[in-house]
Amino acid sequence: CCLFFVVLYHAIFCFLSVFFFFFQAEDGIRDAQESRGLGDVYKRQVSTQSTGDPGRNEMKFALLQIVAATAAVVMMFAADVNAFVIRAPFAGSGLVFNNTKCPSFEELRSPNVVANFSLHRDLPGLYYELALHDITQYPLCPSKPRCITSNKTIRQHADGTEYVHDQWGLNCFGHAYPETLLFNVTSHVGYLRGYVPPSAVPFLPKKEVEKTIFPDTIIDFKPGPDGWVLEFQCVENKLLFDRVLFVGINFYSKTRSEKAYQEMLAAGTARGIDFYWKQGLGLTRVNQTDCKYV
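Before going into details, it helps to say that this report is about the structure given with it. (Residues numbered from 1 in each chain as written. Predicted model: local features only at pLDDT ≥ 70, side-chain atom pairs only at ≥ 80, totals over all residues. Heavy atoms only, no water.)

Let's shift gears to the packing of aromatic side chains. In this structure the tally under the stated criterion is 7 aromatic pairs. For the pair Phe117 and Phe221, a centre-to-centre distance of 5.1 Å together with 80° between the ring planes defines the contact as edge-to-face. With Phe117 in the loop between α5 (111-116) and α6 (119-122) and Phe221 in strand β8 (residues 214-222), the pair connects residues that are 104 residues apart, well separated along the chain. With 5.6 Å between their ring centres and 55° between their planes, Phe251 and Trp277 make a pair best called tilted. One end of the pair, Phe251, is in strand β10 (residues 243-253); the other, Trp277, is in helix α9 (residues 274-277), and 26 residues separate them in sequence. (Phe/Tyr/Trp six-rings, centres within 6.5 Å; stacked < 30°, edge-to-face > 60°. Helix = DSSP H or I, 4+ residues; strand = E, 2+ residues; numbered from the N terminus.)

Okay, the state of the cysteines next. Here the structure, examined in full by the defined rule, presents 3 disulfides. Covalently, Cys102 is tied to Cys234 through a disulfide, its sulfur atoms 2.0 Å apart. An S-S torsion of about -80° defines the bridge between Cys102 and Cys234 as left-handed. Here Cys102, found in the loop between β2 (96-98) and α4 (105-108), pairs with Cys234, found in strand β9 (residues 228-237); they are 132 residues apart in sequence, far enough to count as distant. Cys234 shares its class with Cys102; the two are buried. With its sulfur 2.1 Å from that of its partner, Cys147 forms a disulfide with Cys291. Torsion about the S-S bond of the Cys147 and Cys291 cystine: about -85°, corresponding to left-handed handedness. Of this pair, Cys147 sits in strand β4 (residues 146-156) while Cys291 sits in the segment after β11 (284-285), and the two are 144 residues apart along the sequence. Overall, the relative accessible area of 18% leaves Cys291 in the buried class. The cystine pairing of the protein, numbering bonded cysteines in sequence order, is 1-5, 2-4, 3-6. (Disulfide = S-S within 2.5 Å. Buried < 20%, exposed > 50% of the residue type's maximum accessible area, 1.4 Å probe, protein only.)

Quick look at the environment of Pro215 now. In this fold, Pro215 is placed in strand β8. In the structure, Pro215 is positioned 24 residues away from Tyr191 in sequence and 7.4 Å away in space, judged by C-alpha atoms.

For the structure shown, the criterion picks out 8 salt bridges. The shortest N-O distance in the salt bridge between Glu231 and Lys152 comes to 3.0 Å. Taken together, the positions of Glu231 in strand β9 and Lys152 in strand β4 put the pair 79 residues apart, joining distant regions of the chain. Each member of the pair, Glu231 as well as Lys152, carries the same accessibility label: buried. With its nearest N and O atoms 3.3 Å apart, the salt bridge here joins Asp226 to Lys222. Given a relative accessible area of 32%, Asp226 falls into the partly exposed group. Where salt bridges share partners, they join Lys152, Asp166 and Glu231 into one cluster. (Salt bridge = Lys/Arg side-chain N within 4 Å of Asp/Glu carboxyl O.)

Written out as structure tokens, the structure reads:
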């Protein structure tokens, strides 16, 4: 009985917190102060470019999102009610990752990223997502999302400031849901500040989402035509208690090989972020077979 009420309390608390962050925004994009935003929560907004009646499809998918998000929170806490008091040593450094505060990009980036990563040389290209730890993809898509891609290019704003243009998309229940994601380049290697242009999600204030900034850190990478990037997002909840509310981990590879997945898995473990993907719903492999990419 007590366990049930603990789980129920956390589920309601986090569900309301998600909606609080959805409607909390910062003024400006390129000049706003850094916030620990929702990361891939904002990255995974669906588009109206699905088949059938757009309004009806949007409503169905929005309701499905709400139900799935609630189920996801309950499943996470049912799996580990004590998740927020866990502590784990960061691999080989003496630092500690926990579920109270998000790690900084300095803690997350590998020495390989700091010393060798080149935005123009190493980031652009078409990527296949091979695995994820991200409740805004699964179970937000209860059937498990398929055929997830990320096509990254470097572009410039009108004032000459560079940014990463990411044409992202997934397939859920046989429908393609593409979304455009934008990431402002920072002076820190491997650290970007992302935002979403006006979203097509029903009931979500388009301009508010447009002004919301979230961090994106490249944990490690491999250059070349068989290259990959391992990305990490984290958001803290400051409403009542300090705690990590959301973590997104994305395995992006230019090939669909098992070798690439295993390399990213080893890279993430070496940086200690397996501490996060071993919690809740764990790590989900993405089916990249029989895909019609958009």
